Amino acid sequence: MMEDQTAIDAKFMAEALREAEAAAAAGEVPVGAVIVVDGAVVARARNQKEATNDPTDHAEIVAVRRAAEGLATWRLSAATLYVTLEPCAMCAGALVQGRISRLVYGCRDPKAGAVGSLMNLCQDPRLNHRLEVTEGVLAAEASEILKGFFRLRRKDDSKRFGELAELVEGA
């Protein structure tokens, strides 16, 4: 049974990774998410903050909104969320509020992670709902997408800085 769940988790995390790749292609921080109920994807999403200018448009939040709308309930107690990066405090809070039963994430986020790195909102006994959490599923792949995205962004930023310096010097 454990091996079966591992394979299922890898399958759906691969779906989330595809969403992360699409986010990167759109210039968004590459985080992807899918929500699964009874073995079927009921929602998929990726970060879209840049496109919408909405700071709450993280992949997890968008996926939770879509799942709730599609299932016509805010109580997502039969749902598992697969996301490529450890959720932040806002997203972890949304998972608790939405009564998600299980969270599976790829890589940790040491700067903003709220499911073990900085705090653990999803399993805080003071809250009225706790989620089962599985971390590290396809973590290397999730981490590499993020690292590659920021490597390119830094390269582009340094190129833009060099072009700006040339303009200033030439003026």
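Higher on the page you've got the structure.
A brief look at the structure comes next. Values in this document were obtained by computation on a predicted structure and should not be read as measured data.

Here we look at the overall build of the protein
Next, step 1: A tally of regular secondary structure across the protein gives 5 helices and 5 strands.
Next, step 2: In the protein, the order of α-helices and β-strands from amino to carboxyl end is α-β-β-α-α-β-α-β-β-α.
Next, step 3: With 171 residues in all, the protein has 41% of them scored as buried.
Next, step 4: Here the analysis covers contacts within the protein between residues at least 6 apart in sequence; of these, 56% occur between residues at least 24 apart.
Next, step 5: Within the structure as shown, the protein displays about 9500 Å² of accessible surface, and the carbon and sulfur contribution to it stands at 55%.

Concerning the environment of arginine 44
Next, step 1: Within the fold, arginine 44 resides in strand 2 (residues 40-46).
Next, step 2: Taking the C-alpha atoms as reference points, arginine 44 and alanine 63, separated by 19 residues in sequence, lie 5.5 Å from one another.
Next, step 3: The contact partners of arginine 44, leaving out residues within four places of it in the chain, are Glu15, Glu19, Ala33, Val34 and Arg66.
Next, step 4: Within the structure, the side chain of arginine 44 is placed 2.8 Å from the side chain of glutamate 15, a separation counted as a polar contact.

Details of the packing of aromatic side chains
Next, step 1: Taken as a whole, this structure holds 2 aromatic pairs when the rule is applied.
Next, step 2: Summarising the aromatic geometry, the rings of phenylalanine 12 and tyrosine 82 are spaced 5.5 Å apart at their centres and angled 40 degrees between planes, so their arrangement reads as tilted. Within this pair, whereas phenylalanine 12 is found in helix 1 (residues 2-25), its partner tyrosine 82 is found in strand 3 (residues 79-85), the two being separated by 70 residues in sequence. Taken as a pair, phenylalanine 12 and tyrosine 82 share a single burial class, namely buried.
Next, step 3: A ring pair is formed by phenylalanine 149 and phenylalanine 150, whose centres lie 5.1 Å apart and whose planes are at 85 degrees; its orientation type is edge-to-face.

Details of the pairing of strand 2
Next, step 1: Where strand 1 (residues 32-37) lies against strand 2, 6 bridges are found, and the strand directions are antiparallel. Residue pairing for strand 2: valine 34 is matched across the bridge by arginine 44.
Next, step 2: What sits between the antiparallel neighbours strand 1 and strand 2 is a turn of 2 residues, in which aspartate 38 has the positive phi angle 50 degrees.

Some thoughts on the side chain of threonine 84
Next, step 1: Positionally, threonine 84 belongs in strand 3.
Next, step 2: The residues contacting threonine 84, other than those within four sequence positions of it, are Met13, Ala16, Leu17, Ala20, Pro30, Val31, Gly32, Gly106, Cys107 and Ala142.

Conventions used here
Residues numbered from 1 in each chain as written. Predicted model: local features only at pLDDT ≥ 70, side-chain atom pairs only at ≥ 80, totals over all residues. Heavy atoms only, no water. Helix = DSSP H or I, 4+ residues; strand = E, 2+ residues; numbered from the N terminus. Buried < 20%, exposed > 50% of the residue type's maximum accessible area, 1.4 Å probe, protein only. Contact = heavy atoms within 4.5 Å. Areas by Shrake-Rupley, 256 points an atom, 1.4 Å probe, with all protein chains shown as cover. Polar contact = N/O pair within 3.5 Å; in protein donor to acceptor, adjacent residues only side chain to side chain. Phe/Tyr/Trp six-rings, centres within 6.5 Å; stacked < 30°, edge-to-face > 60°. Pairing = 2+ DSSP bridges.

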